[in-house]
Amino acid sequence: MAVDTATAPALLDESAVARKPIHGWSLAVLGALMTVGALTQLGGREVLFRLDQTSPGAEWALPASFAVAVLGVLTALGGALMVYGIQRRFHKTVLAVAVTCFALGLLLWAMSPEGVVFRVEAILAGALFLSMPYIFGALSGVVCERSGVINIGIEGQFLMGAFSGVLVASISGNVYIGIVGAMLAGSLSTLLLALMATKYQVNQVVVGVILNLLALGLTGFMFDQLKKTPGYNVAASVPVLDFGPLAEIPIIGPTLFRQNLFVYVGLALVALVWFLLFRTRWGLRTRSVGEHPAAADAMGVNVNRLRFWNVTAAGLISGFGGAFFTIANSLAFTKNMTAGLGFVALAVMIVGRWNPLGVLAGALIFGFTTQVSRYLDTAGNSIVPGEFLQMLPYAVTIVVVAGLIGRAKAPAADGVPYNPGDK
Amino acid sequence: MTTENTTATAEQPESPEPPESKPSFARLFGRYLIEANSVMVTVYSLLLAFAIGAVLLIVSDEQVRSSYGYFFARPSDALGGSWNLIYSSYMDLFQGAILNFNTLERFQAGNADFGDLLRPLSETLTNATPLIFTGLAVGLAFRAGLFNIGAQGQMIFGMLGALVIGFSLNVPAIVHIPLAILAGAVAGGLFGAVPGVLKATTGAHEVISSIMLNNIAALFLVWALSTKFIHSETRSELVSKPVRDSAELPALLGWLNPSLRVNLAIVVGVAVAVGVWWLLTKSTFGYRIRAVGFNGPASATAGMSVGRTYATTMGAAGALAGLAGAALALGTGSGGVNTATVLEYGFDGITVALLGRANPAGIVVSALLFGALKAGALSAQPDVPVDISTLLQATIVLFIAAPALVKAILRLRTPRGGLVTLEAKGW
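Residues numbered from 1 in each chain as written. Chains lettered and ligands numbered in written order. Predicted model: local features only at pLDDT ≥ 70, side-chain atom pairs only at ≥ 80, totals over all residues. Heavy atoms only, no water.

Asks: Explain the overall build of chain A to me, please; I cannot follow it from the model alone.
Replies: Along chain A, the regular secondary structure elements total 16 helices and 7 strands. Rg of the C-alpha trace for chain A: 23 Å, near the compact-globule value of 22 Å for 423 residues, within the 12% margin. Projected onto the principal axes, the alpha-carbon positions of chain A cover approximately 65 × 60 × 40 Å. Residues classed as buried in chain A amount to 53% of the 423 residues present. Within chain A, contacts between residues separated by at least 24 positions form 77% of all contacts whose residues are at least 6 apart in sequence. Split by element, the accessible area of chain A, about 17,800 Å² in all, is 69% carbon and sulfur. The centroid of the 25 positive side-chain charges in chain A is displaced by 10 Å from the centroid of its 19 negative side-chain charges. (Helix = DSSP H or I, 4+ residues; strand = E, 2+ residues; numbered from the N terminus. Rg over C-alpha atoms; globule rule 2.2 N^0.38 Å. Buried < 20%, exposed > 50% of the residue type's maximum accessible area, 1.4 Å probe, protein only. Contact = heavy atoms within 4.5 Å. Areas by Shrake-Rupley, 256 points an atom, 1.4 Å probe, with all protein chains shown as cover. Lys, Arg positive; Asp, Glu negative; His and termini not counted. Charge placed at Lys NZ, Arg CZ, Asp CG, Glu CD.)

Dropping the structure here:
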C-alpha cells in the first residue's frame, strides 16, 4: 500500500469530536434503505436456524422483516452518529459495528426465502475450512514481506503445490509424502523468487507475476502430458480428526473439533509464525531486515542471505496451502483450479497488517464470505444470480485493498532490493 | 517504471580508442555476441526457454523417460528418442505457425492452392491481433509505472460492448464497424479505469485490484451469456447471438481462400501501435505518462496530477485491451462468442509487453512471435500440450526480466552502460 502520509491524526487529541460526513451519510442511507426494504418486502418471511449435526431437531425461527429492520435501524444510527460528530477514538468502533450490522442484515435477507435454512454448524465449519488457503497463502506472504521481499506469486505457489501434491501422492501412494512434495514444489517457486530478489536484484513484482504465469503454464503443460498415461493424477485425501465428545458440543463442536487435518495445521501455523516472528531472535532479525536492512547489516545480519532463506522457506507454507486445493478437498488436479485465491490471500495479508493474528481474523472473514456465497448458490432460490454470489470474495478483496477499512502500512523496506555496496 | 534505464548512457560518445588497434568487423560482432546487451539477451532468452521446454518435453514423456532407465545399456534409444520427440514437437509448432511441409508438397503436386499454403501464417496473424492490443494495454500502463494485469477482464468487457452494438444496431457497415469497435474501446476503458481510480484515490495496488476484476469479469461473462438479451436464439449452449454481417470485420485474404481467418483487425492493430508510439513520444499526455512513471514525486512537484495520470492511463490501457475484445467479437468470434473465445490473450499481453520492453514497435514484434507460438500450439495439440505456449512465454520473459541471470548462466560480458531491466512499483 502507498505509505500513508496522513498519519497526523494519531498525534491529535483522541477525545476531540470529529465528523465523518461521507461515511456517515452513506451508512445512514444504506441503513434506511434496508429498514424500508425489510418492512415492505419481507413481511411474513422467517429465517430458519438449524443445528443439524449435534442436536437434530433444534430449530429457531426469526421473523425476517423485524430482524432486518432492526439491523437497518442500527446501521442508520451508526451513520447518524458519525454525521453528528463523535469522539475520534470511537470512530473505528462505530464504523465496524455499523458495517457489521449492515452485512448481517444482508445475510439474513439472503437467508429469508422459502426453503433456505441457515445450517449454523455446517456454515461455520465450512467457513473455517475455506479460510485455510487464505491462511497458508497470507502467512507465506507475511514471512516474505516481513523480510522485505514482495511475494506476489502466491497464486503460482498454490498451483505448484496443488499439482505436485497429487502427483507425488499418486506416484508414492502415500498422501503425506504428497504433501511434502507440494511443500517442496512451492518452495522451488519461491526459491526462484528469492534468487531473483537477492542475488540478481530483479524487480520483485515483475518476477512474481511472471512466476505465476510460469506455474500456470508448467502445471497446465504437465497436466496435459501426464494425462496421456493414467495414474498420475489420482485424488487422495487426509483424514478428518474427530475429538469424540468434544465434537458433540453444539455449534463449536463440529467447527473446532471435527475438522480436516489441514485446519489444525493451519491454526497451529498461525501461532507458530506469530511466535517465531515476535518472540525469537530469528523474528527480530527478519523484521529488522524488512524495516531497515542497512541497520540490520550494521548489526552483523547478512541481509540477503536471511531474505533468501526466509523466502525459500515461505514457499513451504504456500506449497502446503496449494495441497489444500487438491488433497484437503479430495480432488484431482485441474488446470488453474486455484482461481485467483492466491491474490485474495495477498489481500488477507494486507487486511491482517502483516501480522499472523490479523491474518487469522481476515482469513476467517473471507472464508465466511466464500462459504455463504457457495451455500446460497447451491441452496438455490436466491434472488441474486449464482455468478454474482461467486464474485463476492473478489469484490470484498477490492473493497479491502482499497483501504476502506483503514490504510495499512507495509514493512518499510518491502520490495526494495538490498545491495550492501551502495550505502 | 519501465524501462531502459540505461539507454541514455549507452548513447554516450564512444570513448576514444587508439586508431591502430581499431578492431575488425568480425571481432566487433563476436564481442557483441558475448555481451549481455538487450538484443543478445532477447536472443539468448529465447534459446534458453526453448532448451528448458525441450527438457520438460523429455521429462514428461512416458516412453522417452523410460528409455533413460537403461541409458548405459543402450544410449542410442534415449538420445535418439529425445531428439525425435523434441524435433517433432517443435516442428509441429513451426508447421502450425509458419509453413506446413505437407501442404507444400501437395501444393507442388498441384493438389493444394496458394491459400492453403498461407493458412499457418494467417493463423499466426489472427492470434497475434489480440496480443498486439493487450500487449499495448499492458505496455502503456507500464510506462506510467503501473502494472496492468487486468487486460483479460478489460478485453472481456470490450468484447461484450462490441458484441452488443454488433448485433443490436442495423446500420451500414461503414458506420457499424467503427461504432462497434468504439463501443469495445469504451467498455474496456471504463472497466480498466477502475483500478487506476482506486489507486489514485485510495492507494490500492493495481495488481491486486485488476486481477480481482479479471475474476469478476470472467464470472460476469458467464452470466451475461446466459441472459436473454445476449444468449443465442437458435443454440442452446452458452453462446451469444452472432453479430450482424454489417459489423463483421472483413477477412483480408478471403478472396484467396475462405478459410484464411486473418481480418482487418491486424491492420487496425498496427495502426493503433503507431498511434500509441505517437502518443508516448510526441504528445503531452504521453510525456506526462513517462514522467509519472519515471519519477512520481518529481512530476507531482512539477505540477502534474499523478492520481489523474494513473486514472487516465489505466483508462487508455483498458480501451486498448477493449479493442482486443472488439477484434474478437467482430472477427474470429463474429458467429457468436462463448467463454473460450477470449482464451488467455489478456494474460499473454503481459508477456508480450515484457518481451517488447513496453515499447510499441517491440510489442508488435513480440505479439507476432507469441501469436506464432499460440497458433503453433493450438494446431499441434493434443500431441503437444497447448500450454506449451504459456510455458515458453513465461520462461522467455523470466529471462528477459532477469538479464543478470542470463549473463550469469552464459557467462556474458556486461555491456557498456549496464544491464537493461524492467521495473514496477511495490506497495
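Asks: Looking at this model, I keep getting lost on the environment of Gly367(A). Mind explaining?
Replies: Residues and elements named next belong to chain A. Tracing the chain through its elements places glycine 367 in helix 15 (residues 356–379). Take glycine 367: its relative accessible area is 0%, and that puts it in the buried class. Each C-alpha atom of the pair glycine 367 and valine 143 lies 21 Å from the other, and the pair is 224 residues apart in sequence. Those residues in contact with glycine 367 that sit more than four places away from it in its chain are Ala127, Leu130, Ser131 and Tyr134.

Asks: So what exactly am I meant to see when it comes to the packing of aromatic side chains here?
Replies: The geometry of two aromatic rings is summed up by the distance between their centres and the angle between their planes. In the structure shown here, the tally under the stated rule is 29 aromatic pairs over all chains. Seen in terms of ring centroids, Phe388(A) and Phe220(B) are 6.3 Å apart; in terms of plane orientation they differ by 85 degrees. Their pairing is edge-to-face. You can see Phe388(A) sitting in helix 16 (residues 386–401) and its partner Phe220(B) sitting in helix 10 (residues 206–226), one on each of two chains. Above the plane of the ring of Tyr310(B) lies Lys199(B), whose end atom (NZ or CZ) is 5.4 Å from the centre. Just above the ring of Tyr345(B) sits the side chain of Lys374(B); from NZ or CZ to the centre is 5.6 Å. (Phe/Tyr/Trp six-rings, centres within 6.5 Å; stacked < 30°, edge-to-face > 60°. Lys NZ or Arg CZ within 6 Å of the ring centre and 35° of its normal.)

Asks: Would you take a moment to explain the interface of chain B and chain A for this structure?
Replies: A common way to report how large an interface is uses the accessible area buried once the components associate. Taken together, the contact between chain B and chain A spans 54 residues of the former and 53 residues of the latter. Buried surface at the junction of chain B and chain A, summed over both partners, amounts to about 4,600 Å²; 78% is from carbon and sulfur atoms. Between the two partners, chain B and chain A, sit 1 salt bridge. Close ionic contact of Asp387(B) with Lys335(A) constitutes a salt bridge, the shortest N to O distance being 2.7 Å. Applying the counting criterion to the chain B and chain A interface returns 6 residue pairs in polar contact (both at pLDDT 80 or more). For the side of chain B that touches chain A, the secondary-structure elements that each account for two or more residues are helix 3 (38–60), helix 4 (62–67), helix 9 (173–202), helix 10, helix 15 (345–355), helix 17 (388–401) and helix 18 (403–410) of chain B. Residue contributions to the side of chain B that touches chain A peak at 12 residues, all from helix 10 of chain B. Its residues assigned to classes, the side of chain B that touches chain A comprises 36 nonpolar, 11 polar and 7 charged. (Buried area = accessible area lost by both parts, 1.4 Å probe. Salt bridge = Lys/Arg side-chain N within 4 Å of Asp/Glu carboxyl O. Polar contact = N/O pair within 3.5 Å; in protein donor to acceptor, adjacent residues only side chain to side chain. Nonpolar A, V, L, I, M, F, W, Y, C, P; charged D, E, K, R; others polar.)

Asks: Would you mind showing me how to read the environment of Val351(A) here?
Replies: Residues and elements named next belong to chain A. When you line up the elements, valine 351 lands in helix 14 (residues 341–351). Of the residues examined, valine 351 reaches a relative accessible area of 28% and is grouped as partly exposed. For the pair valine 351 and valine 401, spaced 50 residues apart in sequence, the C-alpha to C-alpha distance is 7.6 Å. The residues touching valine 351, leaving out its near neighbours within four places in the chain, are Gly362, Phe366 and Val400.

Asks: Please explain the side chain of Asp348(B) as it appears in this structure.
Replies: By the secondary structure assignment, Asp348(B) is in helix 15. At a separation of 2.7 Å, a polar atom in the side chain of Asp348(B) contacts the side chain of Lys374(B).

Asks: Help me understand the environment of Phe191(B) in this model?
Replies: All names here are of chain B. Position of phenylalanine 191 relative to the elements: it lies in helix 9. Residue classification places phenylalanine 191 among the buried residues on the basis of a relative accessible area of 12%. Here the alpha-carbon distance between phenylalanine 191 and methionine 314, two residues 123 residues apart in the chain, equals 9.1 Å.

Asks: Please explain unusual backbone geometry as it appears in this structure.
Replies: Trans peptide bonds make up the majority, and among non-glycine residues the majority have a negative phi. With an omega of 5 degrees, the peptide bond running from Gln381(B) to Pro382(B) counts as cis. Following the sequence through the fold, Pro382(B) ends up in the loop between helix 16 (360–380) and helix 17. Phi is positive for Asn336(A), close to 50 degrees, though the residue is something other than glycine. Accessibility expressed as a relative area gives 40% for Asn336(A), which makes it partly exposed. The phi torsion at Arg357(B) lies on the positive side, around 50 degrees, for a residue other than glycine.

Asks: I tried to follow the sheet that holds strand 5 (residues 117–119) of chain A on my own but got confused; where do I start?
Replies: Strand pairing in a sheet relies on backbone hydrogen bonds. The paired strands run either parallel or antiparallel. Residues and elements named next belong to chain A. Read from one edge of the open sheet, 3 strands run 3-2-5, paired in mixed fashion. Only two strands of the sheet have a single neighbouring strand rather than two, namely strand 3 (59–63) and strand 5. Taking each pair of neighbouring strands and ignoring which way they run, the sheet shows an average axis angle of 25 degrees. Note: strand 2 (residues 46–50) against strand 5, 3 bridges, orientation parallel. Looking across to strand 5, one finds that phenylalanine 49 is bridged to phenylalanine 118. Docked against the sheet, helix 3 (residues 91–111) engages strand 2, strand 3 and strand 5, running at close to 90 degrees with respect to strand 2. With respect to the sheet, helix 4 (residues 120–130) is in contact with strand 2 and strand 5, its orientation differing from that of strand 5 by roughly 55 degrees. (Pairing = 2+ DSSP bridges. Axes fitted to C-alpha atoms, helices over the stretch in contact; angles between N-to-C directions.)

Asks: Sorry if this is basic, but what is going on with the nonpolar core here?
Replies: General note: in soluble globular proteins, nonpolar side chains tend to be found buried as a group. Phe262(A), Phe147(B) and Ile388(B) are the most contacted members of the largest nonpolar core, which has 202 residues in total. Ranked by residue count, the leading element in this core is helix 8 (residues 204–227) of chain A, at 14 residues. Within the second largest apolar cluster, 23 residues are counted, among which are Ala64(A), Leu107(A), Tyr375(A) and Leu376(A). (Core = buried A, V, L, I, M, F, W, Y, C linked by side-chain atoms within 4.5 Å.)

Asks: Sorry, what's going on with the packing of helix 7 (residues 114–143) of chain B against helix 14 (residues 306–332) of chain B here?
Replies: Packed helix pairs are characterised by how far apart their axes lie and by the angle those axes make with each other. Residue and element names in this part refer to chain B. Interaxial distance between helix 7 and helix 14 falls to 7 Å at its minimum, and their mutual angle equals 170 degrees. Taken as axis vectors, helix 7 and helix 14 run roughly antiparallel relative to one another. Along its contact with helix 7, which presents Thr126, Thr129, Pro130, Phe133, Thr134, Leu136, Ala137, Leu140 and Ala141, the element helix 14 presents Thr313, Met314, Ala316, Ala317, Leu320, Ala321, Leu323, Ala324, Ala327, Leu328 and Thr332. Its residues assigned to classes, the contact of helix 7 with helix 14 comprises 15 nonpolar, 5 polar and no charged. (Parallel < 35°, antiparallel > 145°, perpendicular 65-115°, else oblique.)

Asks: Help me understand a nonpolar patch on the surface in this model?
Replies: Residues and elements named next belong to chain B. Residues Phe25, Phe29, Tyr32, Leu33, Ile34, Val39, Val43 and Leu47 make up a contiguous nonpolar surface patch of about 740 Å² in total accessible area. Listed by contribution, the elements that provide at least two residues to the nonpolar patch are helix 2 (25–33) and helix 3. With 4 residues, the single largest contributor to the nonpolar patch is helix 2. Turning to its location among the elements, valine 43 is positioned in helix 3. (Patch = residues over 30% accessible without salt bridge, like charges linked within 9 Å, V, L, I, M, F, W, Y side chains within 5 Å.)

Asks: Sorry, what's going on with the pattern of salt bridges here?
Replies: Pairs may arise between side chains of opposite charge once their charged atoms sit close together. Per the stated rule, a full pass over the model turns up 14 salt bridges over all chains. Between Glu59(A) and Arg50(A) there is a salt bridge, with the nearest N and O atoms lying 2.7 Å from each other. With a relative accessible area of 24%, Arg50(A) lands in the partly exposed category. For Lys374(B), the salt bridge is made with Asp348(B), and the minimal N-O distance between the two is 2.7 Å. Of this pair, Lys374(B) sits in helix 16 while Asp348(B) is found in helix 15, placing the two residues 26 residues apart along the sequence. Overlapping salt bridges, with partners in common, bring together Asp224(A), Lys227(A), Lys335(A) and Asp387(B) in one network.

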